[in-house]
Each structure stands twice: as C-alpha cells, then as structure tokens.
Amino acid sequence: YKKEGKMNDMLTFNINEGYSESILRSLRMSFLKEEDYSALRNCQNMSDFKMVLEDTDYNQLVLPEQSPIEVARLKTLLKEKLSQELNYLAAQSSEPLTEFLELMRHGYMIDNIVNIIEGIKNKVDLDVLLKRADPLGYFPEMKNIRMVEGDDYADLYQTVLIDLPIGKYFHNFIEDILQNDPSKDTNSISAIMRDYKPEKIKNILKKFWLTDFHKFCTTVLDGPSREIMDELLQFESDLMTIQIIYNSIGNKELISGRGREGERKQYIHLAGQLYPGRDVELTMADDLPKLKEAVRPYERYRRMLENVPDPSKEEDFGGTMKSIDDIMFEEKAKEYGIVAFEQQFHVASFYGYMKLKEQEIRNIVWLAELVALNVPKNQPGWKKYIVPFKDLYQID
Amino acid sequence: MTDLVLPTWGSLFHYVNPYEWGYVGCGIALSFSIFGAAWGIFITGASIVGSSVKCPRIKSKNLISVIFCEAVAIYGVILAIIILQKLNQPSKAVNWAAQTDGIMNQAMFAGYACFTTGLSVGFCNLFCGICVGITGSGCAIADAHTPETFVKILIVEIFGSAIGIFGIIIGIIQCTPADFPKPEMLKQIYQNILVINLNSFP
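Worth saying up front: this structure is predicted, and the values here are computed from it rather than measured. (Residues numbered from 1 in each chain as written. Chains lettered and ligands numbered in written order. Predicted model: local features only at pLDDT ≥ 70, side-chain atom pairs only at ≥ 80, totals over all residues. Heavy atoms only, no water.)

1. So, the overall build of chain B
Assigned secondary structure in chain B consists of 7 helices and 0 strands. Per-residue burial over chain B gives 41% buried out of 202 residues. For chain B, the accessible surface area stands at approximately 10700 Å², while carbon and sulfur atoms represent 74% of it. (Helix = DSSP H or I, 4+ residues; strand = E, 2+ residues; numbered from the N terminus. Buried < 20%, exposed > 50% of the residue type's maximum accessible area, 1.4 Å probe, protein only. Areas by Shrake-Rupley, 256 points an atom, 1.4 Å probe, with all protein chains shown as cover.)

2. A look at the overall build of chain A
The secondary structure content of chain A amounts to 20 helices and 0 strands. Counting across all 396 residues of chain A, residues that qualify as buried make up 52%. Counted over contacts in chain A with a minimum sequence separation of 6, partners at least 24 positions apart contribute 67%. Of the roughly 19000 Å² of accessible surface on chain A, 49% is carried by carbon and sulfur atoms. (Contact = heavy atoms within 4.5 Å.)

3. Some thoughts on the nonpolar core
Residues and elements named next belong to chain A. In terms of nonpolar packing, the biggest core is built from 106 residues, with Phe 49, Phe 100 and Phe 213 touching the most fellow members. The element contributing the most residues to this core is helix H20 (residues 348-372), with 13 residues. Here Phe 49 is in contact with Leu 40, Cys 43, Leu 74, Ile 364, Leu 367, Ala 368 and Val 371, once residues within four sequence places are set aside. Judged by nonpolar contacts, the second largest core, of 21 residues, contains Ile 245, Ile 268, Leu 274 and Ile 324. (Core = buried A, V, L, I, M, F, W, Y, C linked by side-chain atoms within 4.5 Å.)

4. So, the packing of helix H13 (residues 224-247) of chain A against H20 of chain A
Residue and element names in this part refer to chain A. Two numbers describe how H13 lies on H20: the axes approach to 9 Å, and their chain directions differ by 35°. Together, Ile 228, Met 229, Leu 232, Leu 233 and Glu 236 of H13 and Ala 348, Tyr 351 and Lys 355 of H20 make up the contact between the two elements. Partitioning the contact of H13 with H20 into residue classes produces 6 nonpolar, no polar and 2 charged. (Axes fitted to C-alpha atoms, helices over the stretch in contact; angles between N-to-C directions. Nonpolar A, V, L, I, M, F, W, Y, C, P; charged D, E, K, R; others polar.)

5. Points about the packing of helix H6 (residues 95-104) of chain A against helix H12 (residues 198-219) of chain A
Residue and element names in this part refer to chain A. H12 packs onto H6 with a crossing angle of 160° between their chain directions and a minimal axis gap of 11 Å. On the basis of their axis angle, the class for H6 and H12 is roughly antiparallel. The chirality of how H6 crosses H12 is left-handed. On H12, the residues touching Pro 96, Glu 99, Phe 100, Leu 103 and Met 104 of H6 are Trp 209, Asp 212, Phe 213, Phe 216 and Cys 217. When its residues are assigned to classes, the contact of H6 with H12 shows 8 nonpolar, no polar and 2 charged. (Parallel < 35°, antiparallel > 145°, perpendicular 65-115°, else oblique. Left-handed = near helix turned anticlockwise from the far one by under 90°.)

6. Structural notes on the packing of aromatic side chains
Residue and element names in this part refer to chain A. The tally for this structure, following the rule as stated, stands at 16 aromatic pairs over all chains. Among the aromatic residues, ring-to-ring pairing joins Phe 100, Trp 209, Phe 213, Tyr 336 and Tyr 351 into one connected group. It is Lys 207 that lies over the ring of Phe 208; its NZ or CZ is 5.2 Å from the centre. Lys 357 extends its terminal NZ or CZ atom over the ring of Phe 31, reaching a point 4.8 Å from the ring centre. (Phe/Tyr/Trp six-rings, centres within 6.5 Å; stacked < 30°, edge-to-face > 60°. Lys NZ or Arg CZ within 6 Å of the ring centre and 35° of its normal.)

7. Some details on the environment of Ala 144 of chain B
Among the structural elements, Ala 144 of chain B can be located in helix H5 (residues 101-145). Overall, Ala 144 of chain B belongs to the buried group, its relative accessible area being 1%. Each C-alpha atom, one on Ala 144 of chain B and one on Gly 171 of chain B, is 38 Å from the other, the two residues being 27 residues apart in sequence. Excluding its chain neighbours within four sequence positions, the residues that come into contact with Ala 144 of chain B are Ser 26 and Met 29 of chain A together with Ser 51, Cys 55, Arg 57 and Ile 58 of chain B.

8. Points about the interface of chain A and chain B
Residue-level contacts link 17 residues of chain A with 18 residues of chain B. A combined buried area of about 1600 Å² lies between chain A and chain B, and 68% of that area is made up of carbon and sulfur atoms. For chain A, the biggest contributors to the area lost against chain B are Leu 11, Asn 14 and Met 29 of chain A; these three give 33% of the whole. Across the contact surface, chain A and chain B share 1 salt bridge. Of the charged contacts, one joins Asp 57 of chain A and Lys 54 of chain B as a salt bridge, the two residues approaching to 3.4 Å between their closest N and O atoms. Class assignment of the residues belonging to the side of chain A that touches chain B gives a composition of 9 nonpolar, 5 polar and 3 charged. (Buried area = accessible area lost by both parts, 1.4 Å probe. Salt bridge = Lys/Arg side-chain N within 4 Å of Asp/Glu carboxyl O.)

9. A word on the pattern of salt bridges
All names here are of chain A. All chains considered together, the criterion is met by 24 salt bridges over all chains. Between Asp 134 and Lys 79 there is a salt bridge, and its shortest N-O distance comes to 3.6 Å. Of this pair, Asp 134 sits in the loop between helix H8 (126-132) and helix H9 (153-159) while Lys 79 sits in helix H5 (residues 71-92), and the two are 55 residues apart along the sequence. Using a relative accessible area of 14% as the deciding quantity, one classes Lys 79 as buried. Arg 302 is paired through a salt bridge with Glu 306; the nearest N and O atoms lie 3.3 Å apart.

10. Brief notes about the environment of Ala 294 of chain A
Residue and element names in this part refer to chain A. Take Ala 294: it is sitting in helix H17 (residues 288-294). You can call Ala 294 buried: its relative accessible area is 1%. Between the alpha carbons of Ala 294 and Thr 283 there is a distance of 9.3 Å; along the sequence they are 11 residues apart. Filtering out sequence-adjacent residues up to four positions away, Ala 294 remains in contact with Arg 278, Glu 281 and Leu 282.

11. Some thoughts on the side chain of Asn 363 of chain A
Position of Asn 363 of chain A relative to the elements: it lies in helix H20. Filtering out sequence-adjacent residues up to four positions away, Asn 363 of chain A remains in contact with Tyr 37, Tyr 385, Ile 386, Val 387 and Pro 388 of chain A.

12. Description of the state of the cysteines
Residues and elements named next belong to chain B. According to the stated counting rule, one finds 0 disulfides over all chains in the structure shown. The cysteine Cys 124 is free of any disulfide, with Cys 128 supplying the nearest cysteine sulfur at 8.2 Å. For Cys 124, a relative accessible area of 28% translates into the label partly exposed. Residue Cys 175 stays outside any disulfide, its sulfur separated by 6.1 Å from that of Cys 114, the closest cysteine. For Cys 175, a relative accessible area of 1% corresponds to the buried category. (Disulfide = S-S within 2.5 Å.)

The structure is reproduced here in structure tokens:
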C-alpha cells in the first residue's frame, strides 16, 4: 500500500484511526485533577493513599491490593495500566498508527535493554532484571539476552541485539564509533561497550531514536499529524540537547576543547531547531552565560534558562530558582497538554497522552514516597508536582 | 433532428436524448446524496463507538448526529421520486426525427431541468452529509469529556444540516415546470400534420 502521505485529511482519518482516537480522547478524562492531588497530599499513611486512589480512575487497579500498599508495587501497577492501555490501542489500529505507537515506545525499550546488559555485566539474575524492567518498553525478545563469555559484546550484538526492534539504533551507534576512528576494528566494539557508562549509551541511542522517529513523522505521516509531531519532537530534541549541555558544565572532562568537539558532540540531538542553526555556538558553550547566549534567538528556551542555578558555581537554591529538571518537566507538561490535544483527526494526541500519563505517574509516586516516609507537611517538596492540563480545568 | 445544416458544438447537447438528461439527473440526485450521508455516518459513527467505551452515557444522545446524516439521504430519495414522476414514457409510434421545433424545445427544457435539479440536490447533500459527519464526530468526543458542550455543538450541526434543506427547496423549484411532452399530445400533432399533408394533395 502507499505508505507515504497517510492520515492527511479530516475526511479520511476516521476510516482507520477513528476508533482508536476517540478511545484515547475519552481516556483523557481519567487524569487526576488538582483536588485529587490535594487529597493525596493530606494523607497520613499509605492506607489513606490507597483509599484516595480508589475514588479516581485507578479504582479497579488498587482495589484488589492489600491495604497498606507499597510504593514500588504502586509504581509497577500504574505503569502496567498505561502499558495495557497502549497495547489495546495498538491492537485496535491499522498500519501507520501501529508503527507510530511502537516507535513511540522505543525510548523505553532502550532503557530496558541497557539496564539489562548492565545488570548482566554485574552478574545479576535475569529474572530480577526482567521484573525491574519498565512495562512500557516491554518486548518479547528481552528474555533472550544471555551471559556472554569473556565480555564479548560484539558477539552479543551480532546474535541478539541486531534482531530487536531497536537493533538499528545499535547499528547506527556502532557505525558512528567506527567512523570516528577508522583504525579501530570490531574488537574495539566490545571494549567500548564494556567501558562506556550506561547513561552514555542510553543518551546516544536515544539521539538516534529521536532522529528516526522524527523522520518517520515527517515522511510517512501527513497533514496535521505531521505538523504537530514535527513541533513536539523538535521541542523534545532541543530540550534534551540543552539538558545535556547544562549537565556537562560541571564536568571538566567534557568541557575542555577536546571534550566539547569529540565526546559531547555525540550527544547533540540532530532533529531539532537548535541543531544546524546554533550548532557552532552550542559547541563553544562551556559555561552557563554562553549557553544562554547560544539559545537567545529562541524566546522559549531563553525564558526557561533564566532562573536556573549555575552548576559550575554550586549555587544554592533560593528565591525563584528552580532546578533544570523541574523546568523541563513543567514546560513539557504545558506543551503536551496544549499542543498535542489541540486539533482533532491527528495522532499526536497518543504521544501527548503517554507523556502526560508518565508525568502523572511520577507525581503520584513522588507523593507516595513522601507519605510513606512521613515527611512533615511544611517541607517545600510537597508542592513539587505538576498537574497535567492544569490551565484547562479552570474554565468551569 | 432540428434544422441544423452545419453541425456546431451545440449539436453535442442537441443530439443527446432529453430523456437521458432526465434519468441521469435522477441518478445523480440519489447517489450523491447517499454518498454524502454514508460518508457522514461513518465519520461520526467511528467516534461515537470509541467514545462510548469509557463513557457509556453518550450513546443515546449522540445518535442525533447519525439521524441528521440520515435525513440528508431522505432528501435525496424525495427528489429522485419527484424527478421520476416527471419522466413519462414517450409513445412508441412517434418518430423523434419528425418532430416540430416546439415539441423538441419542450422536451429539451424538461430534460435539462431534471438534470440540473439532480446536480444541485446531489452536491448540496453530499457536502451537507460530510459536514454533519465531521461535526458529529467532534460532538461525540466533546460530550464524552464535558457534558455541557453537547447542546452547543448540536447548534452547529443544525446549521450544517440546514444547507441540505436549501438544496431540496431549490431542487423542487427547479423541476416543477419541467414537463415532457405527453404521448397523446404528440399523436394529436402528428395526426394534424398528416391531415395537412393529405389535404395538400391534388
């Protein structure tokens, strides 16, 4: 069938994707509101927490559990519910939407795989690792990763990793390494995969994933799906770039000239507004004022970086300063809540729903941990949650 | 058939039998209306079905959108029946080539009238059906989320459905004067011609 230019019109969208989209739109009702969060904040122990959750959409989920519910168990339950919803939607949909829904979750699959490989390196049992894996990124081939003898990761790559749905990102990763240093041969791949830290591998693989996802959204999809996903993915890439550069400011190894050109450049995301335009300035950025200068033409990013503490000076949080993570989460929640749900007859709402639900799970688990640890109620951490769709609920 | 010695582009229309114009018009009126109604129903139906999975209370109210789309199809059927009543069968004994200009003009007028009625009603209902369908889809989704918005969006749908009514009004006005020549009238005129010819023989 003709693969490009699908989902281009409000006239033909409902033929294939109407059912899935309207289920998703009605799933949007299930987000917790501000008053639910207030009720959760006022809980004294985990039994109260469970009772408050029974009044919300998570009713069927927590009812069968024993009364003082554990935080880890709660987190697993919530993520499994989201994963089941997405699986149902994928089962009801037909071609470009199925591939879209799968590509959306490759990020979580990357997390799972790298964690499992790390765990195997440290001789942790595979069953324990599988239990700890993120249900959103579940795929059946996860169980096939075995212990490799003599740390031969090239072999692991050729036998197992290349068959996975995310195998092409590993392929790009290894090609990238081989290109940068043509004298190295395949034995060095094992050395690299052994020596690189898992965070590093994750960041580089996610870069390839976002680029690939962006390419899918701009070539295969069409119409409002393409426009809105283009905007969302560019935003996501830019935020990851800014976060990586910000986090590298305190790190002497990455901030030196050689580190900036060589190693840090590997993390810069290619799909985004910052990449070809501000690449030179971003490469030169080795402290916070230079980073702010590099993103100055983009009003939104400039505003985000205004209140951020300088990591090289080890400033204390005071006044209006917020950490970069908080700012990133807030901006993302606003963007996904408003832009992803604006028009009808497009698929960006699936992506926005997944991200916002993830934010909600983060909120609930954060509050659950505070309740479980019996933190006194006047600490500022109690306010540290971001309500999805906060602005929209004030209408009525 | 009339006195056209040199064929021009107009002959293209003249040589088409007026009854063909009439029947094709009837077909267009019916089929395009049904096309529009069907398109509207599937667009709104998919959304209603999906939204009522998590929110079953919207099921009965949102069938109004489907009823508006169905009304569009009924307009098409009404007009098709009206056009068909105008198309009476010509007499078997009459030869078209021997007709006088007046009869031919009347037949051609009636044919064109029926054809364009079909065009106007058909396309009006096509776009009306699609419009009501897309609006109904949005209505189902909004109703599932916030019940107060149902009545407001229904007003938009009513306006959308009004354009189908414009089609049927104009269509009825267009095809009322259409009158194909009746067989008795033709026979009478033919007999008159025969009488005149017979009388002119020496």
